[in-house]
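These are the residues of each chain, in order.
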Amino acid sequence: MLLAIETSCDDTCAAVLDGPRILSNVISSQAKAHEGFGGVVPEVAARHHLELATPVVEAALAEAGMTLDDVEAVAATAGPGLIGALLVGISTAKGIAAARRLPLIPVDHLQGHVAANFLEPEPLEPPFLCLIASGGHTLLAGVRDHEGFELLGQTLDDAAGEAFDKSARLLGLGYPGGPAIQREAEGGDPEAFEMPVAMSRNPGLDFSFSGLKTAVLYRCRELGPEGVEERKADVAASFQAAVVGQLTAKLKRALKVGEWDAVALGGGVAANGPLREAVGKLCEEMGVQLKLVPISLCTDNAAMIGSAARYAKPIPYPDYLGYDAFASGESATPAVAH
Amino acid sequence: MDTVACCWRDGEVLHESQLGLSPQGRPLHATRLLEEVERAAASGGGWEEVDMLAVGLGPGTFTGLRVGISTARGLALSLGLPARGVCTLDALAVGIAEAGAEGERLAVLDGWRGDVFAALYSPDGERIWEPAVYRPGDLAERVAALDRAPAVAGSGAVRFRQELARDGVRIADDSDPVHRVAGRHVCALAAESTEEDPDGLAPIYLRPPDAERWRERDASQRAE
Ligand SMILES: [Zn+2]
């Protein structure tokens, strides 16, 4: 039995796995705590992780009907992510593991998103192409084995989910932006406003979303507060269509160059309905298999970390006592649009 | 700032270590704490012999507190042991008494950003001033208004010696161990305490996250 902990961003997560089988997958979302800031604030996130980490681990064990006596190894996200947040998860995992002389398995967060597809039921076997899009990352991963992936393309500026959050804030739609924009866009015309078709002339597989966010800002300025109120749904729908358009265009290009037989989606943005639909259509057109894991395995969770841990290198006791988490993308200021 | 571990049995110190900063000037919490804790446990005969975990709750660096507290919670959960939290200023004040102070004691920790964390204690160890954040000058003024100069020590007293050492306040040399929080005092206070910790090792931050202060500032500017 494997205990896994994930605290890289704003969700405190723990899971218990028996091989590829999920026995429990507990996610304690902090979205409410970050709502007023319009984005994830590193210090606020770290404080919440500290409060929640051990209760979430206890909940995951209870839900699995297990005790720590059943646990053979402890996995935790080592990075990339917010350093203060990662440190809480790693320190908790090290404490639990060291006291019982269990091995510790540090896991790469992005490999976790890829490995969500290896879980039962219906695990997807490599090779496949994985599009990972969330508030923290947007990338195309070429997956040829269980241990790693090849980075085929990534965002050159904002992550897709970040663009959703910032645009939602401009439209006064609240946080998190993804679900808020999807809801608002339902009543809107996706062709009402022209949005820049970013990266279309770029032959590579990289993404860019900062231009879209700026376009939303300009539309809002042109419309004025009353106009925004009136045309909110149209702006949201046009923005969403542009994000989905860019993600699927790059996915299509990657499918053409790479001869992949299957596509998988991961990350919080993969919960977006229109994106799922568009990718489904594309896969049908291209004659490739589409693997959609449940939304609880798309957004950050510990089951995916446990899944990746099955193929990662365990560090035996006591070699990990000095193990440190690694950070990336942490800014000193809150990630909000100004 | 320091990384401290201790094994304590009925007043007897079996192991005590106190690590400062790395050669690069970085705290060693994440990389050295668990190793030191394991060594301390081993000195007492291993985890089977340990009855309770004592943890410093701060104030201190936010990251340091979180590494210490989450490590302790992980260990406590894994071992099925109770864990008891101790205010770091309280532990520092015990050390000031141990060093021979007879009157009131002022424990002062460096709060960075030009601030200090401080609390005042009576000769018998009761808190007179609750832990709080001060500008050094404000703390000096509050101290000057006391009837008798207290014994002052801690990393904050070292850093702001010039501001604080006046009106009869004497501060020991920078290298004096009285300025550093010792694991044995954290253990002693935890052993003495009879209070149940309802929040389960809640950290003593004393400061809200910066983002909250910015939000309040933005809100007050908008209101103007
Ligand atoms: Zn993620």
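Given the structure is predicted, the values throughout are model-derived calculations rather than measurements.

Re a negative patch on the surface
Here's step 1: There is a patch of like negative charges on the surface, built from D10, E12, E48, E49 and D51 of chain B.
Here's step 2: The residue E12 of chain B is located in strand 2 (residues 12–19) in this model.

As for the pairing of strand 8 (residues 150–154) of chain A
Residues and elements named next belong to chain A.
Here's step 1: Of the pairings in the sheet, the one linking strand 7 (residues 138–143) to strand 8 comprises four bridges and is antiparallel in character. Residue L140 lies in a different strand from strand 8, and its bridge partner there is G153.
Here's step 2: Connecting strand 7 to the next strand, strand 8, in antiparallel fashion are six residues.

As for helix 2 (residues 62–79) of chain B
Residue and element names in this part refer to chain B.
Here's step 1: The first and last C-alpha atoms of helix 2 sit 26 Å apart over 18 residues, in line with the 26 Å expected at 1.5 Å per residue.
Here's step 2: Of all 18 residues that make up helix 2, 16 are buried, and the element is covered over most of its length.
Here's step 3: Looking at the residues trailing helix 2, positive phi occurs at G80, about 65°.

A word on the layout of surface pockets
Residue and element names in this part refer to chain A.
Here's step 1: The volume enclosed by the second largest pocket comes to roughly 1300 Å³.
Here's step 2: C9, S134, G135, G136 and D165 are the residues nearest the centre of the second largest pocket, which is lined by 48 residues in total.
Here's step 3: Elements supplying a minimum of two residues to the lining of the second largest pocket: strand 3 (21–29), strand 7, strand 8, helix 5 (160–170) and helix 6 (177–185).
Here's step 4: Considering every element that reaches the lining of the second largest pocket, the biggest residue donor is helix 5, with five residues.
Here's step 5: The two domains that each donate at least three residues to the lining of the second largest pocket are domain 1 (2–114 + 297–322) and domain 2 (125–292).

What about the sheet that holds strand 6 (residues 128–133) of chain A?
Residues and elements named next belong to chain A.
Here's step 1: The mixed open sheet is built from five strands, whose spatial order is 8-7-6-9-10. Each having just a single partner strand, strand 8 and strand 10 (289–291) make up the two edges of the open sheet. Put simply, the sheet's adjacent strands are angled 20° from each other on average, direction ignored.
Here's step 2: Helix-sheet contacts for helix 7 (residues 210–258) involve strand 6, strand 7 and strand 9 (262–266), and the interaxial angle to strand 6 is about 160°.

A few points about the packing of helix 5 of chain A against helix 6 of chain A
Residues and elements named next belong to chain A.
Here's step 1: Running from N to C, helix 5 and helix 6 point in directions that differ by 60°, and their axes come no closer than 8 Å. By the criterion of interaxial angle, the relationship of helix 5 to helix 6 is oblique. Taken as a pair, helix 5 and helix 6 cross one another with a handedness that is left-handed. Contact with helix 5, carried on its side by F164, D165, S167 and A168, involves G177, G178 and I181 of helix 6 and no other residues of that element.

A look at the confidence of the model for chain B
Residue and element names in this part refer to chain B.
Here's step 1: Residues with a pLDDT of 70 or more make up 94% of chain B, whose mean pLDDT is 90.
Here's step 2: Per-element confidence in chain B ranges from a low mean pLDDT of 68 for helix 8 (residues 210–223) to a high of 98 for strand 6 (residues 116–121).
Here's step 3: This prediction of the complex comes with two scores: 0.92 for pTM and 0.92 for ipTM.

Quick word on empty space enclosed by the protein
Here's step 1: As enumerated under the stated definition, the model contains two cavities of 30 Å³ or more in all.
Here's step 2: Estimates place the volume of the largest cavity at around 50 Å³.
Here's step 3: Every residue lining the largest cavity is listed: S91, K94, G95 and L321 of chain A together with H29, A30, L33, L34, V67 and T71 of chain B.
Here's step 4: Examining the composition of the lining of the largest cavity, we find that four residues originate from one element, helix 1 (residues 29–43) of chain B, more than from any other.
Here's step 5: Class assignment of the residues belonging to the lining of the largest cavity gives a composition of five nonpolar, four polar and one charged.

What to know about the side chain of S17 of chain B
Residue and element names in this part refer to chain B.
Here's step 1: Turning to its location among the elements, S17 is positioned in strand 2.
Here's step 2: Here E36 takes part through its side chain, which lies 2.8 Å from a polar atom of the side chain of S17.
Here's step 3: Not counting the four nearest positions on each side in its chain, S17 is found in contact with T3, V4, A5 and E36.

Reading guide: rules and limits
- Residues numbered from 1 in each chain as written.
- Chains lettered and ligands numbered in written order.
- Predicted model: local features only at pLDDT ≥ 70, side-chain atom pairs only at ≥ 80, totals over all residues.
- Heavy atoms only, no water.
- Patch = residues over 30% accessible without salt bridge, like charges linked within 9 Å, V, L, I, M, F, W, Y side chains within 5 Å.
- Areas by Shrake-Rupley, 256 points an atom, 1.4 Å probe, with all protein chains shown as cover.
- Salt bridge = Lys/Arg side-chain N within 4 Å of Asp/Glu carboxyl O.
- Lys, Arg positive; Asp, Glu negative; His and termini not counted.
- Charge placed at Lys NZ, Arg CZ, Asp CG, Glu CD.
- Helix = DSSP H or I, 4+ residues; strand = E, 2+ residues; numbered from the N terminus.
- Pairing = 2+ DSSP bridges.
- Expected span 1.5 Å × (residues − 1).
- Buried < 20%, exposed > 50% of the residue type's maximum accessible area, 1.4 Å probe, protein only.
- 1 Å grid on protein atoms, 1.4 Å probe; cavity = no way out; pocket = protein on both sides within 12 Å on 5 of 7 lines; lining within 4 Å.
- Points joined across faces, edges and corners; volume = space filled by probe spheres on them.
- Domains from an automatic or database assignment.
- Axes fitted to C-alpha atoms, helices over the stretch in contact; angles between N-to-C directions.
- Contact = heavy atoms within 4.5 Å.
- Parallel < 35°, antiparallel > 145°, perpendicular 65-115°, else oblique.
- Left-handed = near helix turned anticlockwise from the far one by under 90°.
- pLDDT = per-residue confidence, 0-100.
- Nonpolar A, V, L, I, M, F, W, Y, C, P; charged D, E, K, R; others polar.
- Polar contact = N/O pair within 3.5 Å; in protein donor to acceptor, adjacent residues only side chain to side chain.

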